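Fold and contact review
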Amino acid sequence: MQDKGTEVTAAGIARLAGVGRAAVSNWRRRHADFPRPVGGTETSPSFALAEVEDWLRRQGKLAEVPLRERVWQQLAGHPAGPVTALVHAGCVLVLVRDRPTVWKEASSGSDELLAQLLPTALEQVLTPRFGALRRPAVPVPAPAQLLQSAPLLRGAADLAADLGARDAYEFLLGRHLDANPRQYTLTPGDLAGLMADLAGPARTVLDPACGTGALLRAVAPATDQELYGQDSDPGLAALSALRLALHTRAAVRTAAGDSLRADAFDGVRADAVLCHPPFNERNWGHDELAYDPRWEYGFPARTESELAWVQHALARLRDGGTAVLLMPPAAASRRSGRRIRADLLRRGALRAVIALPVGAAPPYNIPLHLWVLRRPGQAPLQPEVLLTDAGALAPEGRGGPDWQSVRSAVLDAWRSFVRAGTAPEVPGVSRSVPVIELLDDDVDLAPARHVPPPTAGGGAEELTALRARLDETFRLTADLAPPAGDAGGPARWPLTTVGELVRGGALVMRTGGNGPHARVLTDHDVLSGTAPSGTLPETGEEPVLVEEGDVVVPVLGGGAVARVIDRATAGAALGRNLVLLRPDPAALDPWFLTGFLRGTANNRQATSYASTATRLDVRRLQLPRLPLEQQRRYGERFRALAAFEDALRLAGRLGEQLVRGLHDGLTDGTVPPD
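Residues numbered from 1 in each chain as written. Predicted model: local features only at pLDDT ≥ 70, side-chain atom pairs only at ≥ 80, totals over all residues. Heavy atoms only, no water.

What follows is about the overall build of the chain. Along its length, the chain carries 22 helices and 22 strands. Across its three principal directions, the C-alpha atoms of the chain cover 90 × 85 × 40 Å. Here the chain displays about 31600 Å² of accessible surface, and carbon together with sulfur accounts for 51% of that area. Treating the 74 positive side-chain charges of the chain as one cloud and the 77 negative ones as another, the clouds have centres 4 Å apart. (Helix = DSSP H or I, 4+ residues; strand = E, 2+ residues; numbered from the N terminus. Areas by Shrake-Rupley, 256 points an atom, 1.4 Å probe, with all protein chains shown as cover. Lys, Arg positive; Asp, Glu negative; His and termini not counted. Charge placed at Lys NZ, Arg CZ, Asp CG, Glu CD.)

Core analysis: the largest hydrophobic core is formed by 88 residues, its most contacted members being V138, L198 and L370. Among the elements that make up this core, the one with the highest residue count is helix α5 (residues 82–98) (10 residues). V268, L344, W371 and L373 belong to the second-largest nonpolar core, a separate cluster that totals 43 residues. (Core = buried A, V, L, I, M, F, W, Y, C linked by side-chain atoms within 4.5 Å. Buried < 20%, exposed > 50% of the residue type's maximum accessible area, 1.4 Å probe, protein only.)

As a further point, take the side chain of H312. Along the chain, H312 turns up in helix α13 (residues 305–315). When residues no more than four places from it in sequence are discounted, the contact partners of H312 are P208, S259, L260, D263 and R294. (Contact = heavy atoms within 4.5 Å.)

Let's shift gears to the packing of aromatic side chains. Within the structure shown, the criterion is met by 13 aromatic pairs. Relative to F47, the ring of F34 lies with its centre 5.7 Å away and its plane at 85°, an arrangement referred to as edge-to-face. Taken together, the positions of F34 in the loop between α2 (21–30) and β2 (39–40) and F47 in strand β3 (residues 45–48) put the pair 13 residues apart, joining distant regions of the chain. Taking the relative accessible area as the measure of exposure, F47 reaches 0% and is therefore buried. Feature note: the residues W493, F592, F596, Y634 and F638 constitute an aromatic cluster, connected by ring pairs. Seen from the ring of F171, R68 lies directly overhead, with NZ or CZ sitting 5.4 Å from the centre. (Phe/Tyr/Trp six-rings, centres within 6.5 Å; stacked < 30°, edge-to-face > 60°. Lys NZ or Arg CZ within 6 Å of the ring centre and 35° of its normal.)

Another point: the side chain of T522. Looking at the element boundaries, T522 is found in the loop between β15 (520–521) and α19 (523–528). A relative accessible area of 14% places T522 in the buried class. Apart from the residues within four sequence positions on either side, T522 is in contact with S533, G534 and L578.

Reading across from one edge, β14-β19-β16-β17 is the order of the 4 strands in this open sheet, with antiparallel pairing throughout. On the outer flanks of this sheet lie β14 (507–511) and β17 (563–564), each paired with one strand and no other. Of the strand pairs in this sheet, β14 and strand β19 (residues 578–583) are connected by 5 bridges, and their pairing is antiparallel. When the bridges of β19 are listed, L507 appears paired with P583. (Pairing = 2+ DSSP bridges.)

On to the pairing of β3, then. Bridging between strand β1 (residues 7–9) and β3 involves 3 bridges; their strand directions are antiparallel. When the sheet's bridge partners are listed, E7 is paired in β3 with A48. As defined by bridge partners, β2 adjoins β3 across 2 bridges and the pair is classed as antiparallel. Among the inter-strand pairings, G40 is bridged to a residue of β3, identified as P45. Once β2 ends, the chain turns through 4 residues before running back antiparallel as β3.

Any link to function would need more than the numbers given here.
Next comes the structure, spelled out in structure tokens:
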């Protein structure tokens, strides 16, 4: 059966052929036989994938569509939508992994025969994994639905043969999530791992707002483990179930529905509850749930939906079980929630409040909190609560938290607190606070208001050392300041473009954005001259790793910036909105390339403007055709300018640290005014 139902946009065609969208527009204008739109809108038309592939092959622009790209385009253009396509693909990948011979037999015939045989085969493999629930989150698709998905299912099975079933599904799901960032609120993997570690080993784990299953996926495996998840979005509940089924051998039980209004697991008493609830919801069920037995610690106000989720989590724990919830910082101090917070403290249910750095999870512009709770059992109530402030463990800029430092600081404090019921005070990081100290009129649990600040600037000795380092940097800056040079007229060099050099083999050009990787170079790192500090989503694709001597160029923002990769940065993954240029050392000097790419006029002529952003077309950047020896002369001068620029940046940072440290020291009395 030909894949007539799958449609692809102009952006998808560009990805298939490895060109820019402008090239696709040119093809449409210049070639009368280019496929006609079959859907979409006038400004964003869509085309039949099979027709596009045929045309590209006839034109010699495509020998064969890469398997990953083919399967993704089949999924993205599925007539029933990408979520339905992901569910169908996930079902078949579970079958491929658990019963490969059954899949081989079913897929050996026509698409019609495959669609007829699959429901019975899927029933036999899905029911043991998900249980015989009255309303399963992953219903077995009907033959007519499977017939529509047949090309996708065969492609997904082929992809599993290359990557494995789990990684194939992670690739497809990751690409879908990455293509729809505003549609989903995701829990980053590093944060999910930290929450799972705080909860500790558990046989039965529940996530009542499971989303795509990131938190349940982070749980350490255990014998006879059971994972329960519920989400108000039926599509997410199904995707979460399939993701977990391919990731773990645990029993997976997921359900669709609002956990507060229609709890599917009211009989479950879990060892651990992990939850990233929706924030600031007014319509959470305040009116119809007024007399619900879950409100042991007080009836939440309409504006306190997060405290409703906290009590729901406690109600689903066994005695002594642990819940870890991601919370907005306002929940720790809003006056409307002070009575519930006070009762959580008095009865020993709230064990810790942990302030995370800005950028830990969406919304990325505020420092979210983690609440660690325990359902009180027969053990005596805890007289203290652990308050931890990891907010200082975020690097400057937009690179995101230093997760290794965050994990170390948080888990060290938590494990010490669990062992002894108290923890040593660490200025600026953590403090074990007596409950009685928090039970005032506000019951404010924000860690920053209770954790003692660190010594200003590290103390007078460190401020003195900082001043000496700043003086040394100023001297270095003066030594590196370049001479002005003699005046001359504009050069009349023969010019070439990056695009021409790429076509001629003098440059290799790659774009970033795939992952995951431990070190990711972001566009902000390039702009600020800092070390790799970013993260990338798990798309199932291999990251592009930078090498010493590569040139990296940001494509957004309209700035004239480029960076030569040094030995310390080599090995990092290339982040989003960055283009890597790898010069042939026999033809191009990297510093010569970088210097001319940064020219203001050069960037202006290669920049295009959208309604809300500027974008650089790196292929249009120009540089002169010069012999390699002359390139190196220019390159040495550009290298000296880069060293001067780095020294200026360092002086600025040291100056800011000195000013901040002196302000803090003067205001807390550790530095006298004289």
